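Residue-level structure breakdown
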Amino acid sequence: MAQRLSRHPLLFYTLRRLLALAPVLLGVTFLAYGLMYLSPSDPVEMLLQAQGIPVSETVMEAMRHKAGLDRPFLAQYLDWLWRFVRGDMGTSLVDGRSVAAQLCLALPRTLALTLTSVLMTVALSVPLGILTAVRQGLFIDYLLRFLSFLGNSLPNFLVSLLLLQLFAIRLKLLPVLASETAEGLILPTLALAIPMTGKYIRQVRAAVLEQLGRSYVDGAISRGIRLRTVLFHDVLRNAMVTIITLISMSIGTLLGGSAAVERILVWRGMGYLVMDAILKRDYPVIQAFVVCMSVIYVVINLLTDLSYYFLDPRIRRGLEVS
């Protein structure tokens, strides 16, 4: 088996990374459940209060015994983990709905918002970052660097309020409350893409400038190859490792950190769901959110590392040697 895997370095590297990630995910589930277990709020009491049912302490003790909340912590955790891996994430303490069903409704909306934000950011920042690098020291370079610094300094929630005031209230071009349509996706996408574009422009500019200082660029230009060809065939390809790293980090941040934008613009994604759960102390929803976001983030990091294998021949040769 070891000899067969050694012939496929990418498969061997993937399996090794998956084995290394298993304890990390297990630790995340342990912390997610342990923090709820240490919470001073009683799940049974919160559930009965949400339903408005006055009951005696005897009835509450019977419900705790039926739910298994009077068992030791480790037994409760293992039972919860076994149900979680089978897709049973529990029920909401507020309305009694299935947590898995709520996540299945919210996750596609957050994924759509993340995808459109990343695509818009890449479409704007990559050509502008290359332009600032090529025109280094000129007026356009200083102008774009100033705008990128300004955009990167604005927090998402402030950009959301400014866009809402301009396009929805004053110009009345877009709806005030986001809906599940392409029109309702515009404002949340802009609110997330504008700050990221400012950060991306500076990073792309630095990566392209680093590549332009390499000797292979001077050699290619001295042989009569046009600068545009060198930029898009060699420089951009060598800078893709940096760009892919930025994209992967942004995807993880957007999936878990777009709560303020979703809350302000009423885009009912994962951020909106978990913010509502935190305000109402709906612990099963918070648990499921933390674990699901951790799994997604780990998978994105793994796919990013695997993409380096195809983008950078040095990494590919290193894996084959090992």
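Residues numbered from 1 in each chain as written. Predicted model: local features only at pLDDT ≥ 70, side-chain atom pairs only at ≥ 80, totals over all residues. Heavy atoms only, no water.

Some thoughts on the overall build of the chain
Counting its secondary structure elements, the chain contains 15 helices and 0 strands. Residue burial in the chain is summarised as follows: out of 322 residues, 40% are buried. For the chain, the share of sequence-separated contacts (at least 6 apart) that also reach a separation of at least 24 residues comes to 73%. Summed over its atoms, the accessible surface of the chain is roughly 18300 Å², and 67% of this surface lies on carbon and sulfur atoms. (Helix = DSSP H or I, 4+ residues; strand = E, 2+ residues; numbered from the N terminus. Buried < 20%, exposed > 50% of the residue type's maximum accessible area, 1.4 Å probe, protein only. Contact = heavy atoms within 4.5 Å. Areas by Shrake-Rupley, 256 points an atom, 1.4 Å probe, with all protein chains shown as cover.)

Section: the environment of Arg-86
You can see Arg-86 is positioned in the loop between helix H5 (73–85) and helix H6 (99–134). With relative accessibility at 56%, the residue Arg-86 sits in the exposed group.

Comments concerning the packing of helix H13 (residues 270–280) against helix H14 (residues 283–311)
Running from N to C, H13 and H14 point in directions that differ by 145°, and their axes come no closer than 9 Å. Between H13 and H14 the crossing geometry is left-handed. Two secondary-structure elements touch here, H13 through Met-270, Leu-273, Val-274, Ala-277 and Ile-278 and H14 through Val-285, Ile-286, Phe-289 and Met-293. Along the lines of polarity and charge, the residues of the contact of H13 with H14 split into 9 nonpolar, no polar and no charged. (Axes fitted to C-alpha atoms, helices over the stretch in contact; angles between N-to-C directions. Left-handed = near helix turned anticlockwise from the far one by under 90°. Nonpolar A, V, L, I, M, F, W, Y, C, P; charged D, E, K, R; others polar.)

Regarding the side chain of Thr-304
Assignment of secondary structure puts Thr-304 in helix H14. According to the relative accessible area criterion, Thr-304 is buried, its value standing at 7%.

Some words on a nonpolar patch on the surface
On the surface, a cluster of nonpolar side chains totalling about 740 Å² of accessible area is made up of Leu-131, Leu-138, Phe-139, Ile-140, Leu-143, Phe-146, Leu-147 and Leu-150. Counting residues per element, the nonpolar patch draws most heavily on helix H7 (residues 139–153), at 6 residues. Along the chain, the position of Leu-150 falls in helix H7. With a relative accessible area of 42%, Leu-150 lands in the partly exposed category. (Patch = residues over 30% accessible without salt bridge, like charges linked within 9 Å, V, L, I, M, F, W, Y side chains within 5 Å. Salt bridge = Lys/Arg side-chain N within 4 Å of Asp/Glu carboxyl O.)

Section: the nonpolar core
Judged by nonpolar contacts, the single largest core of 32 residues is most densely connected at Ile-130, Leu-187, Val-208, Val-235 and Ile-243. Residue assignment for this core shows that the elements contributing at least two residues are H6, helix H8 (156–170), helix H9 (182–212), helix H10 (215–222), helix H11 (227–257) and helix H12 (259–265). Core analysis: the next-biggest nonpolar cluster, separate from the first, contains 27 residues, Ala-32, Met-89, Leu-103 and Leu-255 among them. (Core = buried A, V, L, I, M, F, W, Y, C linked by side-chain atoms within 4.5 Å.)

Brief notes about unusual backbone geometry
One non-glycine residue with positive phi stands out, namely Lys-172, at about 55°. Summarising the element assignment, Lys-172 is placed in the loop between H8 and H9. Residue classification places Lys-172 among the exposed positions, given a relative accessible area of 63%.

Notes on H7
The end-to-end C-alpha separation of H7 is 21 Å, in line with the 21 Å expected for 15 residues at 1.5 Å each. When we look at burial in H7, the residues that qualify are Asp-141, Leu-144, Ser-148 and Gly-151. Relative to the axis of H7, the buried residues are bounded by an arc of 100° and lie together on one face. Across H7 from its buried face, at more than 90 degrees, point the exposed residues Phe-139, Phe-146 and Phe-149. The inward-facing, buried residues of H7 contact H6 and H9. (Expected span 1.5 Å × (residues − 1). Arc of directions from axis to C-beta.)

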